[in-house]
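Fold and contact review
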Amino acid sequence: QLQLVESGGGLVQPGGSLRLSCAASGFTWEYYTIGWFRQAPGKEREGVSCISSSGATTYYADSVKGRVTITRDNAKSTVYLQMNSLKPEDTAVYYCNAHSVINRADSWGQGTQVSVSS
């Protein structure tokens, strides 16, 4: 079973930057598509960004496009989410998801809190 550990969240001022990390263990990392999701208080979980198993295809939600970059380092079994020009509305718990391209199973991390406030 794939295990995911997120890190990099914290409290930043508007306009600041954060880099979230999702590190995996327990399976072959390159067989998984990785996505970042977030959930704000009182709202449903929404997709933020995804990257294919090869890294050739990426997706960004309209709300973050132009401010966020997703990358993956298969040698380190880690996916990064670089977030710049952060806004208060980016405040949420951010979750990492791994989707197997072999059996379509999903694994979730524990979540990391991102708070954007002055």
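Refer to the structure presented above.
Presented here is an overview of the structure given in this document.

**Notes on the pairing of strand β8 (residues 78-83)**
Taking burial as the measure, the six residues of β8 include five buried ones, the bulk of the element. As judged from the six bridges shared by strand β3 (residues 18-25) and β8, these two strands associate in the antiparallel manner. Bridging from a neighbouring strand, Leu-18 pairs with Met-83 of β8. A loop of four residues connects strand β7 (residues 68-73) with β8, the two strands running antiparallel in sequence, and Ser-77 in this loop sits at a positive phi of about 50°.

**Considerations on the state of the cysteines**
A complete count under the given rule lists one disulfide for this structure. Note that Cys-22 is cross-linked by a disulfide to Cys-96, the S-S spacing being 2.0 Å. Between Cys-22 and Cys-96 the disulfide shows an S-S torsion of about -80°. By sign, it is left-handed. Taken as a pair, Cys-22 in strand β3 and Cys-96 in strand β9 (residues 92-100) lie far apart in primary sequence, 74 residues in all. Summarising the burial analysis for this pair, Cys-22 and Cys-96 share the class buried.

Scoring rules and cut-offs
Residues numbered from 1 in each chain as written. Predicted model: local features only at pLDDT ≥ 70, side-chain atom pairs only at ≥ 80, totals over all residues. Heavy atoms only, no water. Buried < 20%, exposed > 50% of the residue type's maximum accessible area, 1.4 Å probe, protein only. Helix = DSSP H or I, 4+ residues; strand = E, 2+ residues; numbered from the N terminus. Pairing = 2+ DSSP bridges. Disulfide = S-S within 2.5 Å.

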